[in-house]
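What the coordinates show
Spelled out, the chains give:
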Amino acid sequence: MSRRNYATIKAGKILRVDKGKEPSVMNMTERPSGVFPAVCPLDCPDTCGLLLHKENGKIVKVTGNPDHPETKGAICNKVRNMAERVNHPQRLLYPLRRSGPKGSGEFVRISWPEAIAEIADRLNRLSAEHGSESILPYSFYGNMGVLNAEGMDRRFFGRLGASKLDYTICNSAGNAGWRYTMGFGGGSSPQDTLNAKLFIVWGGNIVSTSMHQAVLMEQARKNGATVVVIDVHKNLTGRRADWFIPLHPGTDTALALGLMHVLFERGLTDEAFLREHTLGHEELREHVQAYTPERVSRITGVPAEDIVRLALMYGETSPSHIHIGNGLQHHDNGGMAVRTVSCLPALTGQWKRGGGAFKSNGAYASLNDGALQRPELRPNPGVRTINMNKLADALLTLQPKVHGLFVFGSNPAVVAPESERVREGLEREDLFTVVHELFLTDTAKYADIVLPATSSFENTDLYTSYWHHYVQLQQPVIEPAGESKSNFELFKLLAQAMGFEEEAFQESEETVIAAALDNPDNPYLNGVTLERLKEERFVALDLAPKADYLNRLTTPSGRIELYSRQLEALGLPPLPTYLPLEEGFDGENRAERQGRYPLMFISPPNHNFLNSTFANVGKHQSMEKEPLLQIHPLDAESRGLEDGQFVEAYNDRGSYRLKASVTNLMLPGTVVSQGLWWSGGSEDGPRASKRLANALTSSRIADLGGGATFFSTTVEIRPAEADSADPAS
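Calculation criteria
Residues numbered from 1 in each chain as written. Predicted model: local features only at pLDDT ≥ 70, side-chain atom pairs only at ≥ 80, totals over all residues. Heavy atoms only, no water. Helix = DSSP H or I, 4+ residues; strand = E, 2+ residues; numbered from the N terminus. Rg over C-alpha atoms; globule rule 2.2 N^0.38 Å. Contact = heavy atoms within 4.5 Å. Areas by Shrake-Rupley, 256 points an atom, 1.4 Å probe, with all protein chains shown as cover. Lys, Arg positive; Asp, Glu negative; His and termini not counted. Charge placed at Lys NZ, Arg CZ, Asp CG, Glu CD. Buried < 20%, exposed > 50% of the residue type's maximum accessible area, 1.4 Å probe, protein only. Polar contact = N/O pair within 3.5 Å; in protein donor to acceptor, adjacent residues only side chain to side chain. Core = buried A, V, L, I, M, F, W, Y, C linked by side-chain atoms within 4.5 Å. Pairing = 2+ DSSP bridges. Axes fitted to C-alpha atoms, helices over the stretch in contact; angles between N-to-C directions. Salt bridge = Lys/Arg side-chain N within 4 Å of Asp/Glu carboxyl O. Phe/Tyr/Trp six-rings, centres within 6.5 Å; stacked < 30°, edge-to-face > 60°. Lys NZ or Arg CZ within 6 Å of the ring centre and 35° of its normal. Expected span 1.5 Å × (residues − 1). Parallel < 35°, antiparallel > 145°, perpendicular 65-115°, else oblique. Left-handed = near helix turned anticlockwise from the far one by under 90°. Nonpolar A, V, L, I, M, F, W, Y, C, P; charged D, E, K, R; others polar. pLDDT = per-residue confidence, 0-100.

What about the overall build of the protein chain?
Within the protein chain, the regular secondary structure consists of 27 helices and 29 strands. Compactness check: the protein chain gives a C-alpha radius of gyration of 25 Å against a globular reference of 27 Å for 729 residues, within 12% of the reference. Long-range contacts, defined as pairs at least 24 residues apart, comprise 75% of the intrachain contacts of the protein chain with a sequence gap of at least 6. Looking at the protein chain as shown, the accessible area adds up to about 25,700 Å², and 49% of this sits on carbon and sulfur atoms. Of the charged side chains in the protein chain, 75 are positive and 87 negative; the average position of the first set lies 4 Å away from that of the second.

Structural notes on the side chain of Thr-443
Structurally, the position occupied by Thr-443 is in the loop between β18 (432–437) and β19 (449–452). Taking the relative accessible area as the measure of exposure, Thr-443 reaches 0% and is therefore buried. Within the local environment of Thr-443, its side chain forms a polar contact with the side chain of Asn-411, the two groups lying 2.6 Å apart. Contact partners of Thr-443, with chain neighbours within four places excluded, come to Val-407, Asn-411, Pro-412, Ala-413 and Val-435.

Focus on the side chain of Ser-139
By the secondary structure assignment, Ser-139 is in strand β8 (residues 135–139). Here Ser-139 falls in the buried class, since its relative accessible area comes to 1%. Excluding its chain neighbours within four sequence positions, the residues that come into contact with Ser-139 are Arg-154, Leu-165, Tyr-167, Met-388, Phe-408 and Ser-410.

Points about the environment of Leu-198
Looking at where Leu-198 falls in the secondary structure, it is placed in strand β10 (residues 198–202). Along the primary structure Leu-198 and Ala-220 are separated by 22 residues, whereas in three dimensions their C-alpha atoms are 8.6 Å apart. Residues contacting Leu-198, with those up to four places away along its chain left out, are Ala-225, Thr-226, Val-228, Met-313, Tyr-314, Thr-317, Pro-319, Ser-320 and His-321.

Observations regarding the nonpolar core
In terms of nonpolar packing, the biggest core is built from 194 residues, with Phe-156, Trp-202 and Phe-406 touching the most fellow members. Look past the residues within four positions of Phe-156 in its chain and what remains in contact with it is Leu-123, Phe-491, Leu-494, Ala-495, Met-498, Phe-500 and Phe-505. Val-201, Ile-206, Val-227 and Val-229 belong to the second largest nonpolar core, which has 13 residues in total.

Brief notes about the sheet that holds strand β3 (residues 34–39)
Within the open sheet, the 3 strands sit side by side as β3-β4-β5. Their pairing is antiparallel. At either end of the open sheet lies a strand with only one pairing partner, and these are β3 and β5 (58–64). Sheet twist, expressed as the average angle between the axes of neighbouring strands with direction ignored, equals 30 degrees. With 6 bridges connecting them, β3 and strand β4 (residues 49–55) associate as antiparallel partners. In the sheet register, Gly-34 faces β4, and the bridge partner there is Lys-54.

Some remarks on the pattern of salt bridges
According to the stated counting rule, one finds 40 salt bridges in the structure shown. Put simply, Arg-374 and Glu-507 hold a salt bridge, and the shortest N to O gap is 3.9 Å. Of the two residues, Arg-374 sits in the loop between α16 (369–373) and β16 (385–387) while Glu-507 sits in the loop between α20 (487–497) and α21 (509–517), which places them 133 residues apart along the sequence. Judged by relative accessible area, which is 17%, Glu-507 ranks as buried. Of the charged contacts, one joins Glu-648 and Arg-718 as a salt bridge, the two residues approaching to 3.3 Å between their closest N and O atoms. Placement of the pair is Glu-648 in strand β26 (residues 646–651) and Arg-718 in strand β29 (residues 714–719), with a sequence separation of 70 residues.

Section: the packing of aromatic side chains
For the coordinates displayed, the defined rule picks out 18 aromatic pairs. Between Lys-485 and the ring centre of Trp-112, over which it is positioned, the NZ or CZ distance is 5.2 Å. The ring of Tyr-650 carries Arg-718 above its face, with NZ or CZ at 3.7 Å from the centroid.

Considering the environment of Arg-653
Checked against the element boundaries, Arg-653 lands in the loop between β26 and β27 (654–662). For Arg-653, a relative accessible area of 22% puts it in the partly exposed group. For the pair Arg-653 and Ser-419, spaced 234 residues apart in the sequence, the C-alpha separation amounts to 8.7 Å. If near-sequence neighbours (up to four positions away) are discounted, Arg-653 is found in contact with Glu-418, Glu-420, Glu-583, Ala-695, Leu-696, Thr-697, Ser-698, Arg-700 and Thr-713.

Description of helix α15 (residues 334–347)
Here α15 spans 21 Å end to end across 14 residues, near enough to the 20 Å set by a 1.5 Å rise per residue. Of all 14 residues making up α15, 14 are buried, and the element is well covered by its neighbours. Downstream of α15 by one or two residues, Gly-349 has phi in the positive range, about 70 degrees.

A few points about unusual backbone geometry
Of note, the bond from Ser-318 into Pro-319 is cis; its omega dihedral lies within 30 degrees of zero at -5 degrees. Turning to its location among the elements, Pro-319 is positioned in the loop between α14 (304–316) and β14 (320–324). For the bond from Gln-399 to Pro-400, the omega torsion is -5 degrees, close enough to zero to count as cis. Within the secondary structure layout, Pro-400 lies in the loop between α17 (391–396) and β17 (404–408).

Notes on the sheet that holds strand β6 (residues 96–98)
Taken in spatial order, the 6 strands line up as β7-β6-β19-β18-β17-β8 in an open sheet, and their pairing is mixed. Sheet topology places β7 (107–109) and β8 at the edges, where each strand pairs with a single neighbour. Sheet twist, expressed as the average angle between the axes of neighbouring strands with direction ignored, equals 20 degrees. Examined bridge by bridge, β6 and β19 share 2 bridges and lie antiparallel to one another. Residue pairing across strands places Arg-97 opposite Ile-449, the latter belonging to β19. Here helix α4 (residues 112–130) sits on the sheet and contacts β6, β8, β17, β18 and β19; the angle it forms with β19, its principal contact strand, is near 130 degrees.

A few points about the packing of helix α10 (residues 252–265) against helix α13 (residues 293–300)
For any two helices packed against each other, the geometry comes down to the angle between their axes and how far apart the axes lie. With their axes 9 Å apart at the nearest point, α10 and α13 run at an angle of 165 degrees to one another. On the basis of the axis angle, α10 is roughly antiparallel to α13. Crossing hand, α10 versus α13: left-handed. Across from Ala-254, Leu-255, Gly-258, His-261 and Val-262 in α10, the residues of α13 making contact are Pro-293, Val-296, Ile-299 and Thr-300. Its residues assigned to classes, the contact of α10 with α13 shows 6 nonpolar, 3 polar and no charged.

Focus: the environment of Gly-355
Mapped onto the elements of the fold, Gly-355 is located in the loop between α15 and β15 (356–358). Judged by relative accessible area, Gly-355 falls into the buried class, the value being 10%. For Gly-355 and Gly-267, which are 88 residues apart along the polypeptide, the C-alpha to C-alpha distance reads 19 Å. Each residue touching Gly-355, except ones within four places of it in the same chain, is listed here: Ser-188, Pro-319, Ser-320 and Gln-350.

A short note on the confidence of the model for the protein chain
The share of residues in the protein chain with pLDDT of 70 or more is 92%, and the mean pLDDT across the chain is 92. Within the model, pLDDT remains below 50 along residues 681–689, and this stretch shows 16 contacts once partners closer than five positions in the same chain are excluded. The low-confidence segment residues 724–729 (pLDDT under 50) makes 12 contacts with residues lying over four places distant or belonging to another chain.

Spelled out as structure tokens, the structure:
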């Protein structure tokens, strides 16, 4: 980072101060006005460098930091309007105790000592009466800072002996698919993609979810690249493509196998690369003969001639880059889908031609998790692990029973599948629930104790990226709002109240950061230290080992495993294989599998929310306007539905009320609703879940990695009357 002059804003003018020196931690929090460095905390690959503009102790504007080597001052609308979220009038400012029925949102103010004492007492009693595994922490990456997302909380609940949570709701299926093929959890670097002459985005809306990669895609196009987008929905990224290829949901594996068929048949594979760097290429060559373009066309809905055309384009163009998005992994067969697509660069030798693929680059910045989380504190390492996608079952049917739930960094009443059953579980009077949050979310309304959380700009934290190769430090810019506390501070207080005397609960943020960065097993972290981060704010990873990428793969064979003996040992297909969805259909089996629910329901991200984050912020709500169900004209006509009409999507799990938007942005048989909206207003029992997309989705587990199956959902659509209690009405 260059030695920028940070600015003080006064009377509408920018005055330079502290020339050649960045503000210290004390200066940033104590100085009422200025422009200060920060990091975007959102669960997004880009992990942008930010500048916070502060007046009279309040953040008034958020801009991008032009000195950041990857994000270069550009930020998305979500972050640009972050000040509205931080300063929201409904921020929680002090602890609350429930005073009405669960879900009513009725609370009374209490003090922090009262809250900590009550929580510690209840956790101790639950441990004594039901065992410590009756307590379940439930969290995710509402804040991507490692200290507050996976640091002191892991230490606390480990020492307590609580049940473990399996963090599988987002990308675990795809990561497992990549891992069985490539081993090491890293792929193409951002700057590598600039050289691509063919840029394929497969199952990802990067315009909305990774804007800086979208910028690099456009730069590659200016350099002569052709942009192809493969997806079930012509989203904002699909609309920018030179060629958009729509397909039926959950058929990505079949399409990739069809491309392999053509590549082998037409002699477009790199035989020398296959012999030197892969395992199982001869078995794969034989296996894909069954996936002719004609058969794959019947399955996917992609014309056979387009399958051939895409295969020839991929086989004849170098460098070629594939950006593997999150969408295709959220299916019953999602792990296999990512595994299959990740095999393609090996077939044409792209890893040695300047091309390749990206799924996640998080492994390049792998920290010392042992030092961060301190697993040795746990007295019962064999305790049960609960998949976070199965929260409804955990609260309603699991034995031994869950009696305590502690939620932070997540809003499961909105984001977890089978939301009607999740809320039924949250309503249990015998379930002691604590929620640590910035707002009274749908989940917080069911809590017995609600604790106010700081925003990321009020914390010290460490940030890595799962896209670019920089580590960043966030130090507090503003004072905590009201009586809010960080996760890190909260769990230290609870540890003290519970009598946990280990030194792990006495450590400062800086001590934990330094320990986490000290990871001898990761050469990419060479030279990344707390001291450099305090001086430079963002520090580049050492990418010298990446030159030897193909020799650093961590599969059992050390090669790209087209044939996986690990999967074979698990009873799964060792070669990439198309397996139809457990719930759903493709173009080949549609007639016999449609049944009562003949439409595939997909609920991808919208442009202005990130999962349920920002769904309560007026600016973001106004940009998204209202929830919509996109339905193909043929499907609308057969049901007598019109554009703008209120409809109800339903299945055996629940229903979702919203307006219809008749469009041809997807193939017939698929309906799409973007974004996760809060139920809004006061709770009114079952009607609240009719405003939630996840009332429809299943908690079934994907084929690999324990992943979610949000998009393997079938529904039917019927007319619904507008409801004055509905936010969309």
